[in-house]
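# Per-entry structural report
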Number of protein chains: 2
Amino acid sequence: MTRKEVDSPDAITFPMSEEDGISFELIELLFFAYRDFVADPDTMLASLSYGRAHHRVLHFVNRRPGITVANLLDILAITKQSLARVLKQLIEDGFITQQQGDSDRRQRMLYPTVKGRELALEISKCQARRIEEALQTLPPETKQASKAFLYAMIEPQGRPIVRSLNHGLEALNVIEPAPSSRRK
Amino acid sequence: MTRKEVDSPDAITFPMSEEDGISFELIELLFFAYRDFVADPDTMLASLSYGRAHHRVLHFVNRRPGITVANLLDILAITKQSLARVLKQLIEDGFITQQQGDSDRRQRMLYPTVKGRELALEISKCQARRIEEALQTLPPETKQASKAFLYAMIEPQGRPIVRSLNHGLEALNVIEPAPSSRRK
DNA sequence: TAAATTAAGTCAACAATGCTGACATATATT
DNA sequence: AATATATGTCAGCATTGTTGACTTAATTTA
């Protein structure tokens, strides 16, 4: 009962748990699953000294060939600087090419090269393999349920973008009239 | 047919799509869902000039009060330096306290303070709210299915850690006999 | 008991990827 | 002709990850 025992006057010794009415399990599952999910691409790209940012740019340019820089910024939700840095390298290294916009010649439309498509596919295959292996062990309705859950986790404003990537809505420029918020 | 049209000799103009046999939808859902999922904590912690790294440390110390530095490194899978930087601040600012290990006095057992617990709970509540709101719109079996999916997405070696956080396995030190791989 | 190992802390340095603000250039729009 | 837009670029900063080396204290082993 001396001062010795009062070392850390307010150390809490019992764990934060589901009893607090919070689903810690899902919170942590998202953390660990996402970490392992991006580890594969990270490893593959390390040999090219590319990182996660390069991967994202490459991915979305492959999913939307001809996308403009501005629309790409909307999808990635990063600043022009952050994009420019990695985009420059991808172009220099011949994974992506630019073409002047047809209607608006200020625009730069981005396309993957053959080399860029191959790399994007290789990485996506690897990620898809992990997903398919996970789903294999589970009942078939799991896939649809997980999609629905993840979709509902996305901010409503972001959802049209996700949809447009899958059903070929050309509406990318219509989506989010871009009140010139981001994109400094 | 002049050179003009051969601008970008190998620009690919058709999108990478599910026809390549890859579930791009799930890949992208994971990306967007995770991004929005961590945006809330990021915002909340910005006022304290803390980042994502601080959040993770605070979270797991609250989930496993008394955890040692070495075990925390195993969970986070980062280097000692990366941990030290943020842990130091959290201790200085009174969110976490240290106590010498009982059996092994080299160890530093980490505990949240009252203040630290409150902050961790506040953030977790916010994340849980987003999860619950997403699930509300969906059939009840979605939660279990999503848990199972995310769990299966985690590398097998990592799974016992996730489990131990939820059922109170004291076994954290037993989990992964730590062949002294990481933790430089 | 002496030597080796381990847990933790620290230092210096570096890399990736976010951010800001400012400014230039070409092109469109009003 | 004036203004606005799309892109590119410069300089600089913050966070968070990395490496490798070294210290101190405590434990374990030979």
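Residues numbered from 1 in each chain as written. Chains lettered and ligands numbered in written order. Predicted model: local features only at pLDDT ≥ 70, side-chain atom pairs only at ≥ 80, totals over all residues. Heavy atoms only, no water.

### Thoughts on the confidence of the model for chain A
All names here are of chain A. Of the residues in chain A, 86% reach a pLDDT of 70 or more, and the chain-wide mean stands at 88. Counting interchain partners and residues more than four positions distant, the pLDDT-below-50 stretch residues 1-8 has three contacts. Taken as a whole, residues 170-184 scores under 50 in pLDDT and shows 20 contacts with residues more than four places along the chain or in a different chain. (pLDDT = per-residue confidence, 0-100. Contact = heavy atoms within 4.5 Å.)

### What about the relation of the copies chain B and chain A?
Between the two copies of the chain lies a rotation about an axis combined with a shift along it. Expressed as a screw transformation, the operator carrying chain B onto chain A has a rotation angle of 180° and an axial translation of 0.0 Å, and the superposed copies differ by an RMSD of 0.0 Å. In symmetry terms, the pair is related by a two-fold rotation axis. Measuring from the rotation axis to each C-alpha of chain B, the shortest distance belongs to Ser146(B), at 2.5 Å. By residue overlap, the copies meet face to face through one surface: 100% of the interface positions of chain B are interface positions in chain A. (Least-squares fit on C-alpha atoms with pLDDT ≥ 70 in both.)

### Things to note about the environment of Ala152(B)
Mapped onto the elements, Ala152(B) comes out in helix α6 (residues 141-153). What Ala152(B) contacts, discounting residues up to four positions off in sequence, is Ala134(A), Thr137(A), Leu138(A) and Arg159(B). (Helix = DSSP H or I, 4+ residues; strand = E, 2+ residues; numbered from the N terminus.)

### Here we look at the side chain of Asp40(B)
Residues and elements named next belong to chain B. Within the fold, Asp 40 resides in helix α1 (residues 24-46). Classification of Asp 40 as buried rests on a relative accessible area of 19%. Among the polar contacts made by the side chain of Asp 40, one reaches the side chain of Arg 130 at a distance of 3.0 Å. Sequence-distant contacts of Asp 40, that is, excluding residues within four places in its chain, are made with Cys 126 and Arg 130. (Buried < 20%, exposed > 50% of the residue type's maximum accessible area, 1.4 Å probe, protein only. Polar contact = N/O pair within 3.5 Å; in protein donor to acceptor, adjacent residues only side chain to side chain.)

### Side note on the environment of Gln98(A)
All names here are of chain A. When you line up the elements, Gln 98 lands in strand β2 (residues 96-100). Judged by its relative accessible area of 36%, Gln 98 is partly exposed. Along the chain, Gln 98 and Val 69 lie 29 residues apart, while their C-alpha atoms are 9.8 Å from each other.

### Looking at the packing of aromatic side chains
Counted according to the given criterion, the structure contains eleven aromatic pairs over all chains. Taken together, a centroid distance of 5.9 Å and an interplanar angle of 50° make the contact between Phe32(A) and Phe60(B) tilted. You can see Phe32(A) sitting in helix α1 (residues 24-46) and its partner Phe60(B) sitting in helix α2 (residues 52-63), one on each of two chains. We classify Phe60(B) as buried; its relative accessible area is 2%. Through a chain of ring-to-ring contacts, three or more aromatic side chains come together here, namely Tyr34(A), Phe37(A), Tyr34(B) and Phe37(B). A cation over an aromatic ring shows up here: Lys115(B) above the ring of Phe95(B), its NZ or CZ 4.5 Å from the ring centre. (Phe/Tyr/Trp six-rings, centres within 6.5 Å; stacked < 30°, edge-to-face > 60°. Lys NZ or Arg CZ within 6 Å of the ring centre and 35° of its normal.)

### Topic: the packing of α2(B) against helix α4 (residues 80-92) of chain B
All names here are of chain B. Axis separation between α2 and α4 bottoms out at 9 Å; the angle between their running directions is 70°. Accordingly, the angle class assigned to the pair α2 and α4 is roughly perpendicular. Across the interface between the two elements, Ala 53, His 54, Val 57 and Leu 58 of α2 pack against Leu 83, Val 86, Leu 87, Gln 89 and Leu 90 of α4. Of the residues in the contact of α2 with α4, the class split is seven nonpolar, two polar and no charged. (Axes fitted to C-alpha atoms, helices over the stretch in contact; angles between N-to-C directions. Parallel < 35°, antiparallel > 145°, perpendicular 65-115°, else oblique. Nonpolar A, V, L, I, M, F, W, Y, C, P; charged D, E, K, R; others polar.)

### Quick look at the pattern of salt bridges
Evaluated as defined, the whole model comprises 14 salt bridges over all chains. For Arg130(B), the salt bridge goes to Asp40(B), with nearest N and O atoms at 3.0 Å. In this pair, Arg130(B) is assigned in helix α5 (residues 114-136) and Asp40(B) in helix α1, connecting sequence segments 90 residues apart. Note on accessibility: Arg130(B) and Asp40(B) belong to one class, buried. When salt bridges that share partners are traced, they join Asp40(A), Arg130(A) and Glu155(B) into one network. (Salt bridge = Lys/Arg side-chain N within 4 Å of Asp/Glu carboxyl O.)

### Some points on the nonpolar core
Judged by nonpolar contacts, the single largest core of 96 residues is most densely connected at Val57(A) and Val57(B). Setting aside anything within four residues of it in sequence, one finds Val57(B) in contact with Leu72(B), Leu76(B), Leu83(B), Val86(B), Leu87(B), Leu90(B) and Ile96(B). (Core = buried A, V, L, I, M, F, W, Y, C linked by side-chain atoms within 4.5 Å.)

### Some points on the sheet that holds strand β3 (residues 108-112) of chain B
Each strand in a sheet pairs with its neighbour through backbone hydrogen bonds, running either in the same direction (parallel) or in the opposite one (antiparallel). Residue and element names in this part refer to chain B. Taken in spatial order, the three strands of this open sheet run β1-β3-β2, and their pairing is antiparallel. Looking along the sheet, the strands with just one partner apiece sit at the ends: β1 (67-68) and β2 (96-100). Bridge count between β2 and β3: five bridges; the pairing is antiparallel. From the neighbouring strand, Ile 96 faces β3, where its bridge partner is Pro 112. (Pairing = 2+ DSSP bridges.)

### Quick word on the protein's contact with DNA strand C
Neighbouring DNA strand C are 25 residues, the closest being Arg85(A), Lys80(B), Gln81(B), Gln98(B) and Arg106(B). Sugar plus phosphate, as a fraction of atoms of DNA strand C within 4 Å of the protein: 51%. Between DNA strand C and the protein, one listed contact pairs a phosphate oxygen with a side-chain N or O atom of Arg56(A) at 3.3 Å. Between Arg108(B) and DNA strand C, the recorded distance is 3.3 Å, taken from a backbone N or O atom to a phosphate oxygen. Within the residue set of the surface near DNA strand C, elements represented by two or more residues are α2 (52-63) and α4 (80-92) of chain A together with α3 (69-76) and α4 of chain B. Here the surface near DNA strand C gets four residues from one element, more than from any other, and that element is α2(A). Here the residues of the surface near DNA strand C are counted per class, giving four nonpolar, ten polar and eleven charged. (Near = heavy atom within 4 Å.)

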